[in-house]
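Tertiary structure, described
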Amino acid sequence: MSQHLQETVTLNNGVDMPKFGLGVYKVDEGKTAVEAVKAALENGYRSIDTASFYENEVSVGQGIKESGVARESIFLTSKVWNDEQGYESTLEAFERSLQKLDTDYLDLYLIHWPVKETFIDTWKALEKLYHDGRVRAIGVSNFHIQHLERLLPEAEVVPAINQVEFHPHLTQEGLRMFCEKQGIQLEAWSPLKRGQLLDHPTLVSIGEKYGKSVAQVILRWDIQHNVVTIPKSITPERIIQNADIFDFELTEEEMKQIDALNENSRSGSNPDDYDK
């Protein structure tokens with residue numbers, strides 16, 4: 001059973017990544033983002049996930065500095081956006097992210113979406129950054145199986161992570177099995193489906209059994225599926241509550257009940273829309 005907030009999973013290159021972190025998509029630049037990052041780090045989180053597209057990297061960096069937690073104790077992720085992709089432009093985008101985050105390395109750098117014409121060249125740039133020691137691990141986001149099947153024959157480095165939309169309405173079973181076979185760790189964005197699952201009767205019932213919220217049940221389900229998860233919140237109380245999932249364990253039957261809620265429905269874009 002996963003026992004504590006700072007528990008890690010070992011990626012395919014030997015780097016340890018926290019299983020649980022804070023996502024900051026749609027968290028406004030400025031005080032809101034600074035305080036969310038500080039609240040997370042001050043309450044035991046050690047993983048922060050941002051992206052150039054989120055336009056809050058400056059505040060994430062400031063929040064890290066103000067938290068007083070040593071940079072080397074934090075697993076920091078950012079991503080290269082679609083219009084930054086391509087070999088040279090990706091290298092330039094990486095430098096911009098480092099400058100905004102006020103750090104000299106990243107723990108994880110991801111291709112944000114599989115833009116068909118550029119993601120192979122973009123991956124080559126990520127491999128250079130990895131080989132140069134600028135980033136501790138590299139990976140992709142929003143890649144379907146077909147995107148990975150195009151990438152892997154061209155890759156010198158197998159992606160360490162595939163960060164995708166994952167929640168009880170989108171269980172991604174085929175993709176999870178493929179990634180597991182390839183040694184690629186799956187990571188969940190929008191694990192709570194942007195709040196759309198919080199009154200689901202099955203999840204409410206399971207939560208009542210354990211004295212837990214629906215959000216806590218879903219996040220526990222993520223962890224027990226060996227999926228790294230990064231729920232977003234901006235309030236200290238919710239940030240603390242989201243992480244309070246290490247004192248109970250869902251039964252095999254409850255895991256199957258939640259799996260059965262799958263509808264293959266998304267709250268965000270379909271990655272195929274970027275494969276043009």
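In what follows, the structure referred to is the one given above.
My aim in this report is to walk through the structure given alongside it, one point at a time. (Residues numbered from 1 in each chain as written. Predicted model: local features only at pLDDT ≥ 70, side-chain atom pairs only at ≥ 80, totals over all residues. Heavy atoms only, no water.)

All right, on to the pairing of strand E7 (residues 138-141) then. Side chains Ile138 and Val140 of E7 all project onto a buried face; the interleaved residues Gly139 and Ser141 project onto the opposite face, where all are buried too. Relative to E7, strand E6 (residues 108-111) runs parallel, the two sharing three bridges. Across the sheet, the residue bridging to Tyr109 is Ile138, located in E7. Read from E6 through helix H4 (residues 119-131) to E7, the crossover connection turns out right-handed. Across two bridges, the pairing between E7 and strand E8 (residues 161-165) is parallel. (Buried < 20%, exposed > 50% of the residue type's maximum accessible area, 1.4 Å probe, protein only. Helix = DSSP H or I, 4+ residues; strand = E, 2+ residues; numbered from the N terminus. Pairing = 2+ DSSP bridges. Right-handed = clockwise from strand over helix to strand, strands pointing away.)

The next thing to look at is the pairing of strand E9 (residues 185-189). Burial of E9 is extensive: five of the five residues sit out of reach of the surface. Burial along E9 is two-sided: Gln185, Glu187 and Trp189 facing one way and Leu186 and Ala188 facing the other are all buried. The β-α-β motif built from E8, the intervening helix H6 (residues 173-182) and the parallel element E9 has right-handed crossover chirality. When E9 meets strand E10 (residues 228-229), the two strands line up parallel, connected through two bridges. For Glu187, the partnering residue across the bridge sits in E10 and is Val228.

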